[in-house]
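Summary of the model geometry
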Amino acid sequence: MATQIDKEACREAYNQVRDDNTDTNWTVFKYEGSMIVPAGQGADYEDFKRMCTDDARLFAFVRITMGDTMSKRAKFTLITWIGENISGLQRAKISTDKALVKEIVQNFAKEFMFSDPRELEADNIRTELKKAGGANYDAQTE
């Protein structure tokens with residue numbers, strides 16, 4: 001059966017992360033059978049990381065605060081998590097199903113595909129977002 005996505009529910013979860021007036025910093029979309037649905041959201045990045053297990057395959061939309069002491073700004077990223085125990089067929093399917101997620105999640109600075117929990121460290125993501133951001137005016141700290 002072809003994968004489908006609950007567009008309305010996923011869009012609502014996505015908008016919660018984009019909204020500057022909420023504390024929500026991340027939302028996760030996972031598979032329920034052949035349907036991609038919201039599976040959680042929150043303000044604590046560590047809670048998101050705990051969802052990324054060896055048996056999980058999911059998509060996450062994450063807000064990361066970037067900048068220096070003079071200027072803070074939100075950057076967004078789309079993370080695809082494929083746990084180590086996921087079969088080859090499911091791994092291949094997640095790549096094609098990502099197009100459904102991208103119909104909802106359209107504004108992000110960088111996209112990641114991870115399967116190692118160490119890659120999920122916030123500092124790793126910040127470093128990659130900084131590289132993707134172009135000019136870096138915070139040279140005094142390097």
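Calculation criteria
Position numbers for residues start from 1 in each chain and track the written sequence from start to end. Local features in a predicted model are, by the rule used here, given only for residues with pLDDT of at least 70; side-chain atom pairs are given and counted only at 80 or more, and totals for whole chains, interfaces and linings are based on all residues. Heavy atoms throughout the structure, all of them, feed into the side-chain values; hydrogens and water do not. UniProt positions are given in the numbering used here, feature names are shortened, and annotations may be inferred rather than shown by experiment. Strands here are runs of E lasting at least two residues and helices are runs of H or I lasting at least four, both read from the DSSP assignment and numbered beginning at the N terminus. The globule rule is 2.2 Å times the number of residues to the power 0.38, and the radius of gyration it is compared with is taken over C-alpha atoms. Whether two residues are in contact is decided by their heavy atoms: any pair within 4.5 Å suffices. Methods summary: accessible areas were calculated by the Shrake-Rupley approach with a probe of 1.4 Å, and residue burial reflects only the protein chains presented. Under the counting rule used here, the positive set is Lys and Arg, the negative set is Asp and Glu, and His together with the chain ends is not counted. Lys charges are placed at NZ, Arg charges at CZ, Asp charges at CG and Glu charges at CD. For Phe, Tyr and Trp, where Trp contributes only its six-membered ring, two rings pair if their centres lie within 6.5 Å, and the inter-plane angle classes them as stacked under 30 degrees, edge-to-face over 60, or tilted in between. For every residue, the accessible area obtained with a 1.4 Å probe (protein chains only) is divided by the maximum for its type, and the residue is called buried under 20%, exposed over 50%, and partly exposed between those limits. In this analysis the charged atom, NZ for Lys or CZ for Arg, is taken to sit over a ring once it is within 6 Å of the ring centre and within 35 degrees of the ring normal. A pair of strands is considered paired only if DSSP assigns at least 2 bridges between the two. All axes here are fitted lines through C-alpha atoms, helices being fitted over the stretch that makes contact, and every angle between N-to-C directions spans 0 to 180 degrees. A pair of sulfur atoms, both from cysteines and within 2.5 Å, is called a disulfide here.

The name given to the chain in an unreviewed UniProt entry is Coactosin-like protein, with Perca flavescens as the source organism. The Sequence similarities (unreviewed entry) field of the UniProt record for the chain holds the comment "Belongs to the actin-binding proteins ADF family. Coactosin subfamily." UniProt annotates the chain under Function (unreviewed entry) with the comment "Binds to F-actin in a calcium-independent manner. Has no direct effect on actin depolymerization. Acts as a chaperone for ALOX5 (5LO), influencing both its stability and activity in leukotrienes synthesis."

A few words now on the overall build of the chain. Each helix and strand counted, the chain has four helices and six strands in total. In the chain, the succession of helices and strands from N to C terminus is β-α-β-β-α-β-β-α-β-α. A compact globule built from 142 residues should have a C-alpha radius of gyration of about 14 Å, and the chain, at 15 Å, falls within 12% of that. Each of the three principal axes of the chain carries a C-alpha extent, and together these read 55 × 30 × 25 Å. Considering only contacts in the chain between residues 6 or more positions apart, those separated by 24 or more positions represent 60%. Here the chain displays about 8100 Å² of accessible surface, and carbon together with sulfur accounts for 46% of that area. Taken as two groups, the 20 positive and 24 negative side-chain charges of the chain have centres that lie 4 Å from each other.

Once that is clear, we can look at the packing of aromatic side chains. Think of a pair of aromatic rings as described by two things: how far the centres are apart, and how the planes are tilted against each other in angle. Taken as a whole, this structure holds six aromatic pairs when the rule is applied. Ring geometry for Tyr45 and Phe48: centres 5.4 Å apart, planes at 55°, overall tilted. With a gap of three residues between them, Tyr45 and Phe48 both fall in helix α2 (residues 45-51), about one helical turn apart. Classification of Tyr45 by relative accessible area gives buried; the value is 13%. We classify Phe48 as buried; its relative accessible area is 0%. Members of the aromatic cluster, joined through ring pairs, are Tyr14, Phe61 and Phe76. One cation-aromatic arrangement involves Arg57 over Tyr31; the distance from NZ or CZ to the ring centre is 3.6 Å.

Taking the numbering used here, the UniProt-annotated feature "domain: ADF-H" (unreviewed entry) corresponds to residues 2-130. From the first C-alpha to the last, residues 2-130 spans 37 Å; its make-up is 35% helix and 34% strand.

Turning our eyes to something else, we now look at the sheet that holds strand β6 (residues 110-114). Pairing is mixed across the open sheet formed by six strands, whose spatial order is β1-β3-β2-β4-β5-β6. If you trace the sheet from one side to the other, it starts and ends with β1 (4-5) and β6, each paired once. The pairing of strand β2 (residues 26-32) with strand β3 (residues 35-42) spans seven bridges and is classified as antiparallel. Among the inter-strand pairings, Phe29 is bridged to a residue of β3, identified as Pro38. On top of the sheet, helix α1 (residues 7-18) reaches β1, β2, β3, β4 (57-67) and β5 (72-82); it is set at about 25° to β3, its chief contact.

Covalently bonding the sulfur atom of one cysteine to the sulfur atom of another cysteine gives a disulfide. All chains considered together, the criterion is met by zero disulfides. Just so you know, Cys10 is unpaired, no disulfide at all, and the nearest cysteine sulfur is the one on Cys52, 16 Å from it. Note on Cys52: relative accessible area 8%, which makes it buried.

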